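# Reading the structure
As a plain string of letters, each chain reads:
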Amino acid sequence: NGILGEQQIEFICKYIDFIQISYDGLPELQNKNRRLVNGRSSSSLVEQTMMSLSLRGKEFSVRSTVLPCDYIKIYEMVQDVFAKYSYAIKYHIEPIQYTGRATSIERDTQGDNDIFIKEYIRTQKMALEKFPKKKFYCTLFSYKITNISCSSITGESPVINNCGKIFPCSDRLDFKTHGIGEIHDEKIRINTVSFYEKLYCELLKTECGRCRYFSLCGGGCYSLFKRDSTGELLPEGRVMCSLLKDYWNIVFSKLCSEHEFLELCLLFEKEKEGWDIYKIKSM
């Protein structure tokens, strides 16, 4: 969260390769959403850390979670951070509607999604034009075709907690059901991850597996795309699913603007010379 002293910053710059700071983009949003334990504002402390990193020439990424009521400020948030901090080279933004501090807010799902998409695309254009060496993105919109949503399926990107337990994802920390191993007596023990492969096979049988956009999300993040016991999407999962579909509808409509855009599907062809081949079919 960027609440660090100079000695800590010095240590991080020396030994840590990748730094990501949680910051909500503007002082007024940061102070509204992320106050200190004593109730005081936190923005000045986080900004001091980002400035210290920049003065040391240490690159870092900024991550913001944005409430629907603040979607309209995304453009200003990104522009402010990129302009102030020369070494803030990436800005990662995530919309939140059903988790954490968003659980108690009133929401207009489709209206909120429309605002987010409009502001996201507008901010993307600004970032490309004004800050071409920096990157603004949302992990919800993956720009590559996939058949698996995330590494929690395979356990390829493990997270280790301070007790030596190994998990497939930082959002899946229930060791009894989601643990894939542990470090004990200076040895690493890895359990089978077939449980996750089974989840994926079950997912293919749901409406997600039949969706023509499946190859753009792989079924979605298990933490964001909430599901019931049968694998079908719950209301909060449908919000994220709808957001993804609406975004790609706009993108592909622009790409195919010279043609009548009635249907999109991604056709998978068997592996050829080590590559998975996909074709986009529009009718």
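Structure first, text after, so check above.
First things first, this report covers the structure right here in the doc. From a predicted model like this one, the values you see are computed outputs, not experimental measurements. (Residues numbered from 1 in each chain as written. Predicted model: local features only at pLDDT ≥ 70, side-chain atom pairs only at ≥ 80, totals over all residues. Heavy atoms only, no water.)

## Looking at helix α5 (residues 109-130)
Using the following cut-off: Helix and strand definitions here come from DSSP, where helices need a minimum of 4 consecutive H or I residues and strands a minimum of 2 consecutive E residues; each element is numbered from the N-terminal end. Here, expected helix span is obtained from the residue count minus one, scaled by 1.5 Å. Buried residues are those whose accessible area, probed at 1.4 Å on protein chains only, stays under 20% of the maximum for their type, while exposed residues exceed 50% and partly exposed ones sit between those limits.
With 22 residues, α5 extends 31 Å from end C-alpha to end C-alpha; this agrees with the ideal 32 Å at 1.5 Å per step. By the burial criterion, the buried members of α5 are D112, N113, F116, I117, E119, Y120, I121, T123, M126 and A127.

## Examining the side chain of D24
Just so we agree on the cut-off: Here a polar contact means two N or O atoms within 3.5 Å. Within protein one must be a hydrogen donor candidate and the other an acceptor candidate, and residues neighboring in sequence count only if both atoms are side-chain atoms.
Mapped onto the fold, D24 is located in the loop between β1 (20-22) and α2 (27-33). There is a polar contact of 3.1 Å between the side chain of D24 and the side chain of R34.

## Structural notes on the side chain of E47
So the rule is basically this: Whether two residues are in contact is decided by their heavy atoms, any of which lying within 4.5 Å being enough.
The residue E47 is located in helix α3 (residues 43-55) in this model. For E47, the residues in contact, after removing those within four places along its chain, are Y23, P27, K84 and Y85.

## So, the nonpolar core
Under the convention used in this document: Side-chain atoms within 4.5 Å are what join buried Ala, Val, Leu, Ile, Met, Phe, Trp, Tyr and Cys residues into a set we call a nonpolar core.
One finds F60, Y120 and F136 to be the most contacted residues of the largest nonpolar core, which totals 53 residues. At seven residues, the largest contribution of residues to this core is made by helix α10 (residues 235-255).

## Examining a nonpolar patch on the surface
Applicable threshold: Patches were defined on residues exceeding 30% relative accessible area and lacking a salt bridge, with like-charge contacts within 9 Å and nonpolar side-chain contacts (Val, Leu, Ile, Met, Phe, Trp, Tyr) within 5 Å. Here, Shrake-Rupley sampling with a 1.4 Å probe gives the accessible areas, and only protein chains in the shown set may cover a residue. Basic side-chain nitrogens of Lys or Arg form a salt bridge, by our definition, when they fall within 4 Å of a carboxyl oxygen of Asp or Glu.
On the surface, I160, I183, I188 and I190 cluster together into a nonpolar patch covering about 390 Å² of accessible area. By the element assignment, I160 lies in strand β5 (residues 159-160). For I160, a relative accessible area of 49% translates into the label partly exposed.

## Observations regarding the sheet that holds strand β7 (residues 181-184)
Selection criterion: A strand pair is defined by DSSP finding two or more bridges across the two strands.
The strand order across the open sheet formed by four strands is β5-β6-β7-β8, and the pairing between neighbours is antiparallel. Whereas interior strands pair on both sides, the edge strands pair on one side only; in this sheet they are β5 and β8 (187-190). As paired strands, β7 and β8 are joined by four bridges and run antiparallel to one another. Pairing of H184 across the sheet is with K187, part of β8.

## Digging into the pattern of salt bridges
Scanning all chains against the criterion turns up ten salt bridges. Among the salt bridges present, the one from K205 reaches E202, with a minimum N-O distance of 3.5 Å. You can call E202 partly exposed: its relative accessible area is 38%. Salt bridges sharing common partners tie together E6, E10 and R56.

## A look at helix α4 (residues 74-84)
Rule in force here: Note: the arc covers the axis-to-C-beta directions of the helix.
Of all the positions in α4, only I74, M77, V78, V81 and F82 are classed as buried. Along the axis of α4, the buried residues cluster in a sector spanning 115°; they form a single face. On its buried face, α4 is in contact with α2, β2 (60-66), β3 (88-95), α5 and β4 (135-137).

## A word on the pairing of β3
The side chains of a regular strand alternate, residue by residue, between the two faces of the sheet. Going by this rule: Seen with its strands pointing away from the viewer, a crossover is right-handed when the path leading from the first strand over the helix to the second is clockwise.
Burial analysis of β3 places six of its eight residues in the buried class, the great majority of the element. Alignment of β2 against β3, held across seven bridges, turns out to be parallel. The partner of R63 across the bridge, within β3, is H92. Handedness of the β-α-β unit built from β2, α4 and β3 comes out right-handed. Bridge count for β3 against β4 is three bridges, and the pairing is parallel. Bridge pairing in β4 links Y91 to F136.

## Looking at the sheet that holds β4
The line we're drawing: Structural elements are reduced to axes, namely lines fitted to C-alpha atoms, with helices fitted over the stretch in contact, and the angle between N-to-C directions of any two is expressed from 0 to 180 degrees.
Pairing within the open sheet is parallel, and its four strands lie in the order β1-β2-β3-β4. The open sheet is flanked by β1 and β4, the only strands paired with a single partner. Ignoring strand direction, the axes of neighbouring strands in this sheet form an average angle of 20°. Docked against the sheet, α3 engages β1 and β2, running at close to 160° with respect to β1. Set on the sheet, α4 makes contact with β2, β3 and β4; between it and β3 the angle comes to about 160°.

## Describing the packing of aromatic side chains
The criterion, for reference: Note on aromatic contacts: the rings of Phe and Tyr and the six-membered ring of Trp form a pair at centre separations within 6.5 Å, being stacked when their planes are under 30 degrees apart, edge-to-face when over 60 apart, and tilted otherwise. Placement of a positive charge over a ring is assigned whenever Lys NZ or Arg CZ falls within 6 Å of the ring centre and within 35 degrees of the normal to the ring plane.
Tallied over the entire structure, the rule returns twelve aromatic pairs. Each ring, one from F116 and one from Y120, has its centre 5.8 Å from the other, and the planes form 15°; the classification is stacked. Here F116 and its partner Y120 are both found in helix α5, four residues apart, which amounts to about one turn of the helix. Judged by centre distance (5.1 Å) and plane angle (45°), the rings of Y120 and F136 are tilted. Here Y120, found in helix α5, pairs with F136, found in strand β4; they are 16 residues apart in sequence, far enough to count as distant. By relative accessible area, Y120 is classed as buried at 0%. Sitting above the plane of the Y75 ring, R122 keeps its charged end 4.1 Å from the centroid. Here the guanidinium or amino end of K135 rests over the ring plane of Y137, the centre of that ring lying 4.8 Å away.

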